[in-house]
Amino acid sequence: MEKFLTHTGSGLPLRRSNVDTDQIIPAVYLKRITKSGFEDGLFAAWRNDPNFELNQPQYKQASILIAGPDFGTGSSREHAVWALQNYGFKVVLSTRFADIFRGNSQKMGLLTVILPQEEIESLWQVVEEKPDTQITVDLQSKSVSYQGKSLPFTIDDYTRWRLMEGLDDIGLTFTKIDAVAKFEEKRATFKPKTLPIR
Amino acid sequence: MGKTLAEKIWAEHVVSATAGEPDLLYIDLHLIHEVTSPQAFDGLRLSNRKVRRPDLTIATEDHNVPTLNIDKPIADPVSKLQVDTLRKNCAEFGLRIHSLGDVDQGIVHVVGPQLGITQPGMTIVCGDSHTSTHGAFGALAFGIGTSEVEHVLATQTLPLIRPKTMAINVEGSLKAGVTSKDIILAVIAKIGTGGGQGYILEYRGSAIRALSMEARMTICNMSIEAGARAGLIAPDQTTFDYVKGKPHAPTGADWDAALAYWQSLNTDADAKFDKEVNLNADELAPFVTWGTNPGQGLPLTSAVPNPADFANAEDRGAAERALQYMDLKPGTPLKSIKVDTIFLGSCTNGRIEDLRSAASILKGKKIASSVRLLVVPGSARVRLQAESEGLDKVFLDAGGEWRSAGCSMCLGMNPDQLKPGERAASTSNRNFEGRQGKGGRTHLVSPLVAAATALKGTLASPADL
């Protein structure tokens, strides 16, 4: 995973709530067995509408998605995170994120930042009026800043550290693998096993 | 102070806990399928890692498989490659797999319980958000992403921050024609699609205790639709009776030890939930969704709501968009809405009891000439059981289609899809835009409402026949 310290870019306003992962990447795109190339499927159904924000030239450079509440609900498909990243998004701002989507983002290094809805509204207005407004999302200072304004956000220290170091969770767990082996020794014998097949 | 059931199961599975870090949680069972696993196996190969516990892992083919002509090679080459990739990965890493044509193939959340590998007190994960289904057994079960699938394959653990707990208390008794599907649709409508974010739900109360295991699975299955990664129900005699005798259920002294443990799995009387929500089962009616998220639901006797009546601007905007997509006008009685397709199946309502309940309404009758009825059993064994009871004949004689097992039209990955503009009454779990096929429109319903709707051609409950 790439380290995430700070990112500056322009924003794309997505004035919709409950953007589920079926909208982010429809199921037909999930037949692929790779982690790349999902950008063509990002918001595929909505992109048929020429007025959809992703189709508007002023937002072509956007790397920060500013979404309505409850972003990423529904299916656990990590393909939603891959599609956003493959397209070029580095950060998603919203008032609320679905738990699985947020977890998947944190594994992949896509930063999800929670802001109050009134701040999301302000950002929408600013970005709609001036699409090239530069927004800086800084994980070191835990702030989102634009036009001289700075908004603090919270993120748990552990996740922040992992993202800033670009650390892979599996590697971290392997440092505790002896504890896993010890745990396995005392597991109850009645717990089911899938093998041998009964 | 006492502990909630979720807290007890969590504590039992903590491998290592460090202040300021997520707990490292041991995973008792990992279910995998073709769609969310290929990139995880690639990750293992890249890092030269093995699957730590093949004996706690099981694979089945469900999301992307056809439900017709399953004895022939899969026609779609992209789907075929994905299924073949799962088979190759399982062979390479020594994992058990139930492939298309195998008697134990089926939707992963139907297969686990029927094999008896879903048991109380376990931690169960799968790269599928409806893993919450297994919570019906008093297990802590939740969906994970592909990075986490790789993590579990490699280490049999997951680093997780413990969610808060929420009690959903459902007291009273359901009226005839009202099912567990209606309970969960009412819960989601009440707390919203984000209401359960950050929580594990525990469904409690006399109405929950009275439900069969399969009805409980329907409720826990849709916890994710309320935003909760997991939802569970304390195990009781209904649970123990269901598990007993299943292929992987404990036997002999193991059964006695397991039972003693399982009987300790309940929320202590003095435990405190972070939040509680109450529902009165006596007041519930058959429920149906009118919009494009599972929280947009109402009793079937209602009319399509007017977006202007929503106090909250976000809800108003969402309702406006939903009605536009669904091609519905405010004030239209829900019972006057005509549908084109009825889908009976999925990990929510594709079990034998669901098929029996729909068949009880359809028996000896014909579906409306304007509709198509697609019946897709949740597993190959459910299909066989239904056929042994003559349910396939009931569906076929009524004018329906009888298919092989899989996720099918619930997510429209295989050829079973709605056409643009088509409207479905579906026993599945998601009414998202285009979920069941690009441009398709979905109303979520119980199997009883699905069957009654098939007969009338408009949204209906058995009482309307």
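Scroll up to find the structure.
Residues numbered from 1 in each chain as written. Chains lettered and ligands numbered in written order. Predicted model: local features only at pLDDT ≥ 70, side-chain atom pairs only at ≥ 80, totals over all residues.

**Some thoughts on the overall build of chain A**
To keep things clear, this is the line we draw: Each helix corresponds to a stretch of at least 4 residues labelled H or I by DSSP, and each strand to a stretch of at least 2 residues labelled E; elements are numbered beginning at the N terminus. Counting other C-beta atoms within 10 Å of a residue's C-beta gives its exposure: the residue is buried at 20 or more, exposed at 12 or fewer, and partly exposed in between, where C-beta atoms are placed from the backbone. The contact rule is simple: place each C-beta atom from the backbone, and if two of them lie within 7 Å, those residues are in contact.
Broken down by element type, chain A carries seven helices and eight strands. Its C-alpha atoms put chain A at 65 × 40 × 25 Å along the principal axes. Expressed as a percentage of its 198 residues, the buried residues of chain A come to 44%. Put simply, 73% of the contacts in chain A that link residues at least 6 apart link residues at least 24 apart.

**Some details on the overall build of chain B**
Note the following rule: Computation of the radius of gyration draws on C-alpha atoms alone. For the globule rule, the value is 2.2 Å times the number of residues to the power 0.38.
For chain B, the count of helices and strands is 16 helices and 19 strands. Taken against the 2.2 N^0.38 rule, which gives 23 Å for 465 residues, the C-alpha radius of gyration of chain B at 21 Å falls within 12% of a compact globule. When the backbone C-alpha atoms are referred to their principal axes, chain B occupies close to 55 × 55 × 45 Å. The burial tally for chain B puts 62% of its 465 residues in the buried class. Intrachain contacts of chain B at a sequence separation of at least 6 include 77% that bridge at least 24 residues.

**Digging into the sheet that holds strand S6 (residues 135-138) of chain A**
Residues and elements named next belong to chain A. We apply this condition: DSSP calls a pair of strands paired once it identifies at least 2 bridges connecting them. The angle between two axes is taken between their N-to-C directions and runs from 0 to 180 degrees, where each axis is a line fitted to C-alpha atoms and a helix contributes only its stretch in contact.
What the four strands build is an open sheet, ordered S1-S6-S7-S8; its pairing is antiparallel. One side of each edge strand has no neighbouring strand; the edge strands of this open sheet are strand S1 (6-9) and strand S8 (149-152). Sheet twist, expressed as the mean angle between neighbouring strand axes with direction ignored, is 15°. Pairing of strand S7 (residues 143-146) with S8, which is carried by four bridges, proceeds in the antiparallel orientation. Across the sheet, residue Tyr-146 finds its bridge partner in S8, namely Lys-149.

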